[in-house]
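One letter stands for each residue in the lines below.
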Amino acid sequence: MSLFLEQDLILGADALGLTLTHQQTGQLLAYIEMLQKWNQVYNLTAIKDPQQMLAQHVMDCLAVVAPLNEMAPNAKSLLDVGAGGGLPSVVLAIACPTLRVVAVDAVAKKAAFIQTVSHTLGLANLQVLHARIETLSQPFDVVCSRAYASLSDFVSGTRQSLALGGCWMAMKGHVPETEIAKLPQDIEPFSTQSLQVPGLDARRCLVWMRLK
């Protein structure tokens, strides 16, 4: 990885109000390198360039760390639904070492990649499950998704995984007003936060939901 990439990562994290340790910086850069390498065979993301991976994937996920700490300050566990190439699960596991992160994906090669990342980077707080979300029953304080499904499908498919008093965190582009309006009656969308992602000229937001 280039020195420029490391500098951009540090500057981007600083813009988000995050202070990364030398170890965390190294882990994030190593993750980008692994994502680029595995992507040549497993097609984990349409993005090929490391600089774009940094902005569109890593910084995009780092942007939710501060809101996560604000909205769910007592959260001990987080479930990443449809984790794909480990976004945001790998990034959150690195940035939030005290948070137990579980990544679940129904595609074996994607789960295998995240497992390899977890082992290679020594992420003891990151667990990977190759399963369908409907088969899970253990409760999590936060259930999150990134470009996974409509809000209604997301909450309906993961109700059994939400702990008492827990919340859903959906990473979206534009504020999905139509999707919010179609949420089940017993779901409360209690906050929508706009995100500014360093190096990314695109709209991003978080939609927070809970049971009424």
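Before reading further, recall that the structure is shown in the block above.
Throughout what follows, the structure given in this document is the object of discussion. In this text the structure is predicted, and so the values were computed from the model without any measurement.

The rules behind the values
Residues numbered from 1 in each chain as written. Predicted model: local features only at pLDDT ≥ 70, side-chain atom pairs only at ≥ 80, totals over all residues. Heavy atoms only, no water. Helix = DSSP H or I, 4+ residues; strand = E, 2+ residues; numbered from the N terminus. Rg over C-alpha atoms; globule rule 2.2 N^0.38 Å. Buried < 20%, exposed > 50% of the residue type's maximum accessible area, 1.4 Å probe, protein only. Contact = heavy atoms within 4.5 Å. Areas by Shrake-Rupley, 256 points an atom, 1.4 Å probe, with all protein chains shown as cover. Axes fitted to C-alpha atoms, helices over the stretch in contact; angles between N-to-C directions. Parallel < 35°, antiparallel > 145°, perpendicular 65-115°, else oblique. Left-handed = near helix turned anticlockwise from the far one by under 90°. Phe/Tyr/Trp six-rings, centres within 6.5 Å; stacked < 30°, edge-to-face > 60°. Lys NZ or Arg CZ within 6 Å of the ring centre and 35° of its normal.

Take the overall build of the protein chain next. A count of helices and strands for the protein chain gives 8 helices and 7 strands. The C-alpha atoms of the protein chain give 16 Å as radius of gyration, which agrees with the globular expectation for 212 residues (17 Å, within 12%). On the principal axes, the C-alpha backbone points of the protein chain span a range of 50 × 35 × 30 Å. Of all 212 residues assigned to the protein chain, the portion counted as buried reaches 53%. Considering only contacts within the protein chain whose residues lie at least 6 apart along the sequence, 67% involve residues at least 24 apart. When the accessible surface of the protein chain is summed, it comes to about 10,000 Å², and 51% of that surface belongs to carbon and sulfur atoms.

Another point: the packing of helix H2 (residues 22–42) against helix H6 (residues 108–121). Their axes nearest at 11 Å, the elements H2 and H6 cross at an angle of 150 degrees. When the axes of H2 and H6 are compared, the pair comes out roughly antiparallel. Relative to H6, H2 is oriented so that their crossing is right-handed. Side by side, H2 and H6 meet where Gln 27, Ala 30, Tyr 31, Met 34, Leu 35, Trp 38 and Tyr 42 of the first sit next to Lys 109, Ala 112, Phe 113, Thr 116, Val 117, Thr 120 and Leu 121 of the second.

What follows concerns the packing of aromatic side chains. Going through the model one piece at a time under the given rule, you end up with 4 aromatic pairs. Summarising the aromatic geometry, the rings of Tyr 148 and Phe 154 are spaced 6.4 Å apart at their centres and angled 75 degrees between planes, so their arrangement reads as edge-to-face. A residue is classified by how much of its surface remains accessible, and Tyr 148, at 34% relative accessible area, is partly exposed. On the basis of relative accessibility, which here comes to 1%, the residue Phe 154 falls in the buried class. The rings of Tyr 31, Trp 38, Tyr 42 and Phe 113 are connected pair by pair, giving a single aromatic cluster. The ring of Phe 190 is capped by Arg 210, whose NZ or CZ atom sits 4.1 Å from the centre of that ring.

Another point: unusual backbone geometry. The amide bond that connects Leu 87 to the next residue, Pro 88, takes the cis arrangement and shows omega of 10 degrees. Considering the arrangement of structural elements, one finds Pro 88 in the loop between strand E1 (77–81) and helix H5 (89–95). In this structure, Ala 147 is a non-glycine residue whose phi angle is positive, near 50 degrees. When you line up the elements, Ala 147 lands in the loop between strand E4 (140–146) and helix H7 (151–158).

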